[in-house]
Each structure stands twice: as structure tokens, then as C-alpha cells.
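What follows is the residue order along each chain.
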Amino acid sequence: MLRTALATLLSHWRRHPGQLVTLLAGLALATALWSGVQAINAEARSSYAEAAAALGQDRLARLVAPDGGPVPLAEHVALRRAGHAVSPVISGELRDGAARLRLFGLDLLTAPPDAGGPALGGEGIDLAAFFTAPGVLLMSPATQAGPLPPDLPPVLVRDGIPPGVAYTDIGTAARLLGQADPSFLLVAPDQPAHLPPLAEATGLRLVPPGDDSGVARLTDSFHLNLTAFGLLSFAVGLFIVHAAIGLAFEQRRATMRTLRALGLPLRTLLLAFGLELAALAILAGLAGLALGYAIAAALMPGVAGTLRGLYGAEVAGGLSFDPRWALAGLAMTLAGAGLAGAQALRRTARLPILAPAQPRAWAQASARAMRLQAAAAGVLAAAALGLALWGGSLVTGFATLAALLLGAALALPALLGLSLRLAARGARGALAEWLFADTRQQLPGLSLALMALLLALAANIGVSTMVGSFRGTFLGWLDQRLAAELYLTATDVDEAARLQAWLAPRAEAVLPIVRAEATLAGRLGAVYGQADHATFRENWPLIAAEAGAWDRLAAGAGVLVNEQLFRFGDLALGEPLRLAPGLTLPVVGVYSDYGNPMAQAIVTLPVFAATWPEVAATRFALRVPPDQAAALATALREDFGLPADAVVNQAQIKRFSLEVFEQTFRVTGALNILTLGVAAVALLTSLTTLAGLRLPQLAPVWALGLTRGRLAVLELLRSVVLAALTFALALPVGLVLAWVLLAVVNVEAFGWRLPMQLFPADWLRLLALALIAALLAAALPALRLWRMAPTTLLKVFAHER
Amino acid sequence: MTEFLQITDVTKAHGTLEVLRGVSLALDRGEALALTGESGSGKSTLMHLAAALDAPDSGEIRIGGQSLGALDDAGRAAVRRGRIGLVFQQFNLVPSLTVAQNIAFQARLAGRHDPRLCAELVGRLGLSGLEARYPEALSGGQQQRVAIARALAHRPELILADEPTGNLDEATGDAVLALLLELVAETGAALMMVTHSTRLAARLGRRLHLSRGRLGAPDAA
């Protein structure tokens with residue numbers, strides 16, 4: 001019996017292959033976007049987990065200096081002599097342009113086994129080579145393939161080492177990083193029983209295992225963002241599925257009634273319906289997973305770029321296949337299909353055997369339902385407002401976004417109905433009157449697709465306003481930061497000296513750029529030495545400063561810090577900041593520093609030279625009259641035989657920075673376009689669905705003297721009007737969305753507050769896109785109507801019951 | 001004298017099924033013709049051809065001397081809009097428009113809207129007080145009266161009614177038909193009505209019977 005019922009239900013799809021394709025495509029698209037995002041997140045998280053597990057940081061406690069600086073060697077020696085099982089590690093970063101490598105120098109003789117360092121005598125490591133200069137670096141194949149700083153010791157490739165990380169002997173690391181004292185001490189889990197606890201035995205700070213999830217914590221917001229986008233796309237895809245299942249249910253209502261009348265138990269009918277849905281979901285889910293994997297693989301390099309650019313997190317650019325991901329994706333598809341089909345199942349369960357067929361019943365949402373939706377929208381809007389004003393955390397920020405989007409979607413049918421009612425009042429002529437009245441009647445059938453369009457448009461406006469504001473601020477900031485006309489890099493100190501002498505009579509100013517790595521407020525960062533010059537005083541973008549900040553900096557009585565260090569280090573103006581052993585200065589100003597994940601501080605040149613005498617200036621910013629910059633650059637290259645990239649002008653650096661920026665937001669852009677595409681498909685599905693059901697309403701109007709061509713044009717016009725009205729609502733929703741992203745989510749996630757900028761030209765482009773999408777979605781049903789044989793329309797009259 | 005509606009030797013097939021086989025008839029203004037026949041005899045097809053809703057395979061149909069075959073889609077739509085009033089068994093009102101809007105709809109499309117005539121039709125057809133309602137809120141009889149008002153509101157020269165009382169009970173059907181005949185007689189339009197019922201057909205001035213696609217006298221049935 002079940003088999004017969006199932007076969008009867010399935011026979012519907014043979015006669016409606018287009019509908020089957022729509023249903024499968026909707027489900028596959030929803031699965032693809034969701035599972036694609038999940039694949040990206042899983043890959044990134046596994047990279048973070050590897051990084052967190054580096055040197056057993058997830059399992060081993062560490063001792064660090066209370067001020068965040070290196071641990072004095074004497075402290076280490078004292079602890080060892082007392083019998084404590086601690087092992088020194090020197091860590092730091094080697095950088096050269098875009099090439100970066102995080103180095104961990106271990107003392108393999110004392111490192112606890114849990115540290116996961118290379119085993120002595122195993123893995124084909126030549127011990128002599130490992131312990132003696134130039135040493136050996138161990139890194140993963142992916143790290144070895146990437147850009148690496150020059151002049152590294154020989155490399156041995158080993159799996160299981162986090163991306164962007166190399167292990168080496170502590171002596172090699174000390175030499176490469178120019179640091180003698182350990183960065184921290186690893187603590188073995190089993191300490192001798194007779195000794196006092198470490199916390200009492202030393203003044204060093206004991207960091208428990210796994211307490212260094214900075215990257216994971218920082219990037220959580222980014223992944224939450226991606227997940228939100230994935231969920232949004234999934235929801236938009238489900239609108240398509242809901243429309244297709246709803247139509248199939250209505251078209252099979254009579255069949256189901258007949259099956260019931262012929263003696264099929266309701267339970268068997270429901271089971272057959274459920275099995276059919278599950279089979280379709282699995283089929284579409286598998287296709288969606290394949291598509292999702294392809295999307296994730298295509299987006300992964302962009303995501304890796306984003307994570308590196310915004311957070312300094314190293315993520316492999318490739319993608320591996322995880323069966324758990326596939327199973328979770330399929331489960332999500334099944335759950336989504338169940339959700340989308342729940343209404344049809346409920347209606348099947350309540351289907352009276354003898355009720356007359358009402359093919360349009362599903363499209364006729366009651367006024368009560370619309371009122372309830374509007375009331376729910378009001379509650380959600382109030383919740384969004386409350387959360388935005390009083391929330392103040394990342395979670396409440398995203399809750400605000402969810403309440404805002406859901407509220408707007410629920411309010412849409414009521415607002416569209418109101419707009420159409422108002423428009424109908426001003427309509428002149430029978431056709432216009434009919435068009436508005438008929439459109440209003442179509443709203444229940446179209447509202448789901450229009451909600452999907454609203455969500456896609458609002459997300460698009462919100463995210464592009466956020467990115468655009470970011471871009472505008474970033475460009476303005478670049479203009480301020482890159483005030484010098486030329487930037488020069490010498491190969492060594494001698495050449496630097498010769499260049500300075502040569503430039504003295506030719507340039508208005510030669511400003512050295514010197515930099516030293518440092519741990520600032522517990523974070524890896526850099527200290528820059530800066531000359532006291534009008535270039536900086538006039539252009540440097542300070543966002544907060546004490547009175548006379550520049551004078552105090554010049555006098556060596558203060559330090560400037562970037563916004564990241566200021567926010568994450570929880571600093572205050574005037575608060576002393578330790579920059580190096582023996583150098584602690586009060587914070588006198590904060591500058592914006594977009595796109596840099598590192599903590600950064602600036603001291604005046606004499607202070608820098610006194611603290612880091614070994615660092616000599618090989619990079620310089622040159623001030624010259626702008627019209628002489630090109631000639632001077634050419635002269636420098638020709639007279640000193642400098643390579644092209646040793647002398648770069650402002651424009652080149654800006655272009656490079658902008659490229660990094662664009663790469664950073666490529667993923668967001670791609671997801672934006674995909675979501676809009678899915679919304680257009682949802683609209684097409686709904687319009688195609690309604691087109692079949694609307695013939696009984698269109699045929700009389702045709703019979704009363706309208707041509708099919710005119711009716712088709714009116715159908716196109718209706719779709720465009722609805723898309724335009726939806727856009728009109730999406731615009732304010734999108735702008736509020738952008739505000740929440742910039743003022744709440746961004747501050748919590750990135751540590752920067754950006755001014756919101758508006759881009760009306762982008763809105764016009766998006767409106768045009770929305771109208772084109774609506775026209776394309778309506779084109780097929782309209783074309784069908786235009787070409788429809790009169791006999792098909794006459795069937796409406798012939799089918800009279 | 002030339003009759004207002006002239007159908008000459010018309011044939012029509014749906015696929016391999018020949019529905020009309022050389023049908024000819026003529027109808028003048030002020031005449032009321034009942035077209036009877038069994039199910040599948042081609043009554044509705046002939047009605048649709050006369051209403052310029054479909055085109056014959058061969059033969060000619062003229063309305064007011066104008067050959068429908070010479071018209072394109074827009075021309076046929078203009079004939080439907082301006083010269084013909086249609087009444088369907090299923091009423092086929094526009095569900096999104098009110099009673100008043102439905103009655104005026106075709107007249108406004110034809111550019112011949114006369115509010116006084118509409119008001120008069122509302123009164124004559126017993127629809128007073130229902131003007132602001134939507135079709136779904138009306139009974140079958142009320143809906144058919146709205147359809148009749150719509151078919152008359154633009155002063156058509158030809159009224160084509162396909163089983164106009166087929167969905168109504170006998171008493172309501174009789175009342176609706178009486179009103180239709182009365183109004184048609186007053187306007188001087190030609191009326192062709194398709195019906196199964198010989199009882200209703202007997203109330204019209206002229207009767208023709210369609211059987212297997214050919215016309216004959218009513219007693220041939």
C-alpha cells in the first residue's frame with residue numbers, strides 16, 4: 001500500500017519536471033551555501049586548533065614575565081636549580097615584506113614530551129645539524145611552499161606543524177631573532193612533589209594550558225559573520241523549497257483526496273509524503289554538498305587572505321574533505337526540507353476527504369495572519385532597538401541583526417499591501433486599478449519570495465555600506481599615513497649611509513624608519529622610532545591624544561600606540577606602557593592603524609636608538625617636492641643601481657595596500673552576490689508557481705478584451721513594481737544593518753569604530769540589479785502567457801465545474 | 001439585409017477530433033437565439049469562436065460586417081472589448097475588484113463608462129448595497145447578476161452567454177434569465193445563449209440544436 005501511495009505521489013514529478021528541478025535546485029543551493037561556509041569555518045578552525053596546539057600550548061602551562069617581556073635567563077636558571085621541570089622557549093616572528101614566519105626555539109633536552117616538538121634521534125633529524133649553526137627549521141609542507149623570509153637555515157618538512165610556524169633549536173632561534181632571554185618557560189605537568197608550587201616559587205606569571213586562544217577568540221566574530229551569511233543564504237534557499245513543495249501539494253490535493261477516499265490510511269499517506277521529501281532532500285543534499293565544496297574551495301584563498309589581513313591568523317589556503325562535514329550538511333538539508341514541507345504535511349494531515357478542491361487556497365493568506373505577522377514584526381523591531389542601544393556585546397550585536405532582518409521580513413507583506421492600497425487610490429483607469437488590486441491579492445503567494453529578496457537586498461546594502469565605509473576611511477587614513485613622496489630601502493647599513501649623504505642636498509627631509517619587535521601589553525608587536533618632523537605632526541592620524549602629545553613624544557617623555565593595542569591592551573591615556581627592559585613610557589596618543597593585526601607603538605628616534613642600538617636605519621621616507629619625486633627615484637635607481645622595488649612612491653604603496661584590502665573583502669562580496677542570486681531564483685520559482693494558478697484570473701480579463709501581449713507586459717510591470725517597493729523597504733533596513741555592523745559588531749570584533757559613509761550610487765546600481773532580477777524572474781512566465789494558445793486560456797472556461 | 005452576426009461554413013478541430021463541421025448561422029440585432037446540444041457537441045467551441053476568443057480552422061465569422069479572420073490579436077481583443085458582452089457559467093468575475101469595479105470594468109476598458117447606466121443596472125439587478133463587496137462575499141445568483149451587469153454596462157451589440165444559469169438553482173436561474181432577456185430586449189442587442197435546458201431554450205425567440213458538430217432544428221435532437 002505504501003509503495004502504491006509513494007508511486008502515485010512520485011508520478012506527479014514525471015509530469016512536472018520543471019517543478020522537480022526547481023525544488024532540487026532550491027534545496028541544493030541552500031545546502032551548497034550553508035555547507036560551503038561550514039567547510040570554510042571548519043578548515044579555519046582546524047588551523048587555529050593546530051596553532052593553539054603548537055608546543056602543547058593547549059595542554060601545557062607556561063610561565064611568562066608579568067610585564068609581557070622576555071623571561072630573564074636568571075629566573076629560568078634559578079627554577080631549574082631548584083628542581084622545577086621547566087623548559088625555555090624563544091619565540092618571535094621573522095618578517096620580510098609579505099613573507100612571515102613564526103619561530104619557536106626549543107630546548108629539546110628539557111622540553112616536556114607533551115610539547116610535541118621533534119623527537120630527538122627520530123624522524124631522520126641530524127642532531128649535529130639541528131644543534132649547531134646554521135641549524136635546521138622544521139615546518140609543514142604548506143608553510144614551506146608559501147613565501148618565506150630570506151636567509152633561513154636549511155628546512156626539514158614535517159606534517160602536523162601549524163601553518164606559518166617553524167620549530168628549531170633554541171640557539172638557532174636566539175640567533176635568528178636576536179633575543180637571548182626566553183620568551184616563556186614551558187611547565188611540565190608533573191612537578192617534583194617536594195617543591196613549593198610554581199606560583200609561589202617565582203615572580204613569573206603562570207598561564208594555564210589553553211589560555212592563549214587569542215586568534216580563535218578574535219576570529220570567532222568573523223566566523224560568526226560567515227555563519228550568519230550561510231544561514232541567511234540557507235533561509236533564502238528554503239523559501240524556494242517551500243514554494244515548490246507548496247505548489248506540488250496544491251496540485252496533488254485532489255490526488256491525495258482520491259487516495260484517501262479509496263481507503264489509504266492517513267498515516268500511510270503522511271509516511272509516503274515524508275519518504276518522498278526525504279528522498280528528494282538526500283538527492284538535492286548530495287548535489288548541494290558537491291557544489292558547496294566547490295564554492296568553499298574557490299573562496300578559501302580569499303578567506304585565508306581575510307584572516308591574515310584582519311587578524312594575522314595563519315590559515316592554509318587549501319581545503320580538506322571531512323566526512324563529518326558532509327553528514328552535518330545532509331542533516332541540515334533534511335531538517336530544512338522538513339521545515340519547508342511542514343506546512344504541506346500539516347495540511348495533508350488535516351485534509352478533509354470530501355471538501356471541494358480549492359487550488360488557490362494556499363495563496364490566500366488570511367488578513368489575520370498578516371496582522372499577526374505585522375505585530376510580530378513590531379515586537380522584533382522594538383527588540384532590535386533595545387539590543388542595539390543597551391546590548392554592548394558581540395552576541396547582542398548579532399541578535400540585533402537577526403531581530404532587525406526577521407522583523408523587516410515579517411513586516412514586508414503588510415507594508416507592501418499598504419503601499420499598493422495607497423497607489424490604487426491614485427490610480428487612473430480600469431487597468432491600473434485592476435493591476436494594483438490584483439497585485440495586492442497576489443501578495444500572500446509572493447510574500448515569501450519577496451521576503452527572500454528583501455533579506456538579500458538589505459544584507460547587500462548593509463554589508464556593502466560597511467565595506468565601503470571601511471574602504472573610504474582606509475583610503476583617507478592611507479593618505480594621512482603615507483605623507484612622504486618616496487620610500488627608500490637600502491640593502492645594508494653602509495649603503496644606507498651613502499644614500500643619506502647623497503640625499504641630504506637633494507631631498508627636503510630624509511626620515512629614517514626603524515623598527516624592533518617587542519611584546520606590548522602581552523601581545524606580539526613592534527616599536528617604531530620616528531623623527532620629530534612636521535610630516536608626522538601634521539599628518540599622523542591621531543584619534544585620541546593628551547595635550548602636547550607631539551612635544552612629549554619628541555622630548556622622549558611619551559609613546560604613541562595604535563588603536564588595536566589601545567583597545568585590546570585596555571590602555572588609557574597617560575598609562576605607563578612597558579616597551580623594553582628599562583623603557584616604560586606613558587601613552588600620550590592613539591592613532592588609527594587599519595588592516596594591521598599587530599600591536600604597535602611609536603617612540604622618538606633618540607629613545608629608539610638608545611634602547612635598540614643594534615637596529616640601524618635602512619629604510620627612509622623622503623620628502624621632496626611632488627613634481628621632483630619621479631626624477632629623484634630614477635636618479636636613485638641609476639646612480640646606486642638600486643632594484644626597482646627599493647624605491648617606491650606613495651601611489652605604489654597605496655595600490656598595494658588597496659589590493660590587500662580588496663582581497664580581504666572578496667569573500668563578503670562573493671557571498672553577497674550568491675545570496676542575491678538565490679533570492680532571484682526564489683522570485684522566479686514563486687512567479688512560475690503563481691503563473692499556473694493565476695490563469696483563472698487572467699483568462700476573464702483577456703476575454704473582456706485585453707491582448708495576451710498586454711497582459712504579459714502588465715505581469716512584468718507588476719514584478720518590477722513589487723521589486724522596487726521591496727527595495728524601498730530594504731534600503732532603510734540595510735542602512736540600519738550597516739550601522740549595527742559598524743557601531744556594534746565591528747567595535748567588538750576588530751577593535752575599530754568607523755564613521756558610516758553613504759553610497760547612493762551603489763544603491764542605484766543595486767536597485768537596477770533588483771529590477772533586472774525581477775524582470776528576468778517574471779520574463780519566463782510572462783513569455784509563456786504571451787505565447788499561450790487561446791485554447792489554453794479557453795480551458796479555464798471549459799473546465800467550469 | 002445583412003445580419004449582425006454571420007457564421008459561414010465554420011469548421012474547428014481539437015487535434016484529430018472534429019468539433020464543428022461546416023456550421024453556418026446568422027443572428028440579427030434584437031434577436032435571441034438559444035443554442036442547445038449534448039455535452040461535447042461543440043456548443044462552447046462555437047460560442048468561443050463567435051466571441052473572437054479563438055479562430056476557426058476554416059469558414060468565416062463576421063460581426064457587424066467585419067470579418068474576424070482579417071483581424072490580428074489586438075483587433076480581436078478590440079472587438080471583444082467594444083462590441084461583445086460575455087456571460088460565463090462560472091461567472092468569471094475579477095476576484096480582486098469590488099462589485100462596482102467589476103460592473104464598470106469592461107466599460108472602462110472600452111472607454112465607454114457610463115456611471116448612470118451602471119447605477120441603473122445595479123438597481124435593476126438587485127445589487128444595491130453590495131457595490132463595495134468582493135465577489136467571494138456574494139452568492140452564486142448575485143455573482144451571475146454582477147456578470148450580467150458587466151456584460152451590459154458597455155452597451156454591447158452582441159451578448160454571448162454560455163450556460164448562464166448552469167450553476168444556479170432553478171428558481172434563481174429563471175429569475176436571472178428573465179432579467180437578462182428583459183435587459184437585452186431593451187438594449188436591442190443580439191443574444192446567443194448556450195444551454196442544456198430545453199425548458200430555458202423555449203423562452204428564447206429562436207432555437208438551434210448542435211449535434212456532433214452540425215446544426216439542426218431543435219426537434220432533431
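Residues numbered from 1 in each chain as written. Chains lettered and ligands numbered in written order. Predicted model: local features only at pLDDT ≥ 70, side-chain atom pairs only at ≥ 80, totals over all residues.

Per an unreviewed UniProt entry, chain B is named ABC transporter ATP-binding protein, and its organism is Roseicyclus persicicus.

Asks: I'd love a proper account of unusual backbone geometry, names of residues and values included.
Replies: Peptide bonds are, in most cases, trans, and in most cases residues other than glycine have a negative phi. Residue and element names in this part refer to chain B. Here Asp9, not a glycine, exhibits a phi torsion of approximately 50°, which is positive. Tracing the backbone shows Asp9 in strand S1 (residues 5-14). Taking the C-beta count within 10 Å as the criterion, Asp9 has 13 such neighbours and is therefore assigned partly exposed. Of note in this structure, Arg212 is not a glycine but carries a positive phi near 50°. Mapped onto the secondary structure, Arg212 falls in the loop between strand S9 (206-211) and strand S10 (214-216). On the neighbour-count criterion, Arg212 (14 C-beta atoms within 10 Å) is partly exposed. (Helix = DSSP H or I, 4+ residues; strand = E, 2+ residues; numbered from the N terminus. Buried ≥ 20, exposed ≤ 12 C-beta atoms within 10 Å, placed from the backbone.)

Asks: Describe the environment of Ala185 of chain B, listing the residues and the values that go with them.
Replies: Residues and elements named next belong to chain B. Considering the arrangement of structural elements, one finds Ala185 in helix H6 (residues 170-187). Residue Ala185 is classed as partly exposed on the basis of its C-beta count, with 13 C-beta atoms lying within 10 Å. Remark: the alpha-carbon pair of Ala185 and Ala32, spanning 153 residues in sequence, is separated by 8.6 Å.

Asks: Describe in detail the confidence of the model for chain A, supporting the description with residues and values.
Replies: Any region with low pLDDT has predicted coordinates that should not be read closely. The predicted model of chain A averages 79 in pLDDT, with 86% of residues at 70 or higher. Counting contacts from residues 355-365 of chain A, a segment whose pLDDT is below 50, to residues more than four positions away or on other chains yields 14 contacts. (pLDDT = per-residue confidence, 0-100. Contact = placed C-beta atoms within 7 Å.)

Asks: Residue-level account of the interface of chain A and chain B, with values.
Replies: On the chain B side, the residues contacting the 25 residues of chain A number 27 residues. Of the residues contributing to the side of chain A that touches chain B, the split by class is 13 nonpolar, seven polar and five charged. (Nonpolar A, V, L, I, M, F, W, Y, C, P; charged D, E, K, R; others polar.)

Asks: How would you explain the sheet that holds strand S4 (residues 58-63) of chain B if you had to name every residue and give the values?
Replies: Residue and element names in this part refer to chain B. In spatial order, the strands read S2-S1-S4-S5; together these four strands make up an open sheet with antiparallel pairing. Lying at the two open borders of the sheet, with one neighbouring strand each, are strand S2 (17-27) and strand S5 (66-67). Note that S1 and S2 share eight bridges and pair antiparallel. Its bridge partner being in S2, Thr11 is matched across the sheet by Arg21. The sheet strands contacting helix H1 (residues 43-50) are S1, S2 and S4, and the helix crosses S1 at an angle near 125°. (Pairing = 2+ DSSP bridges. Axes fitted to C-alpha atoms, helices over the stretch in contact; angles between N-to-C directions.)

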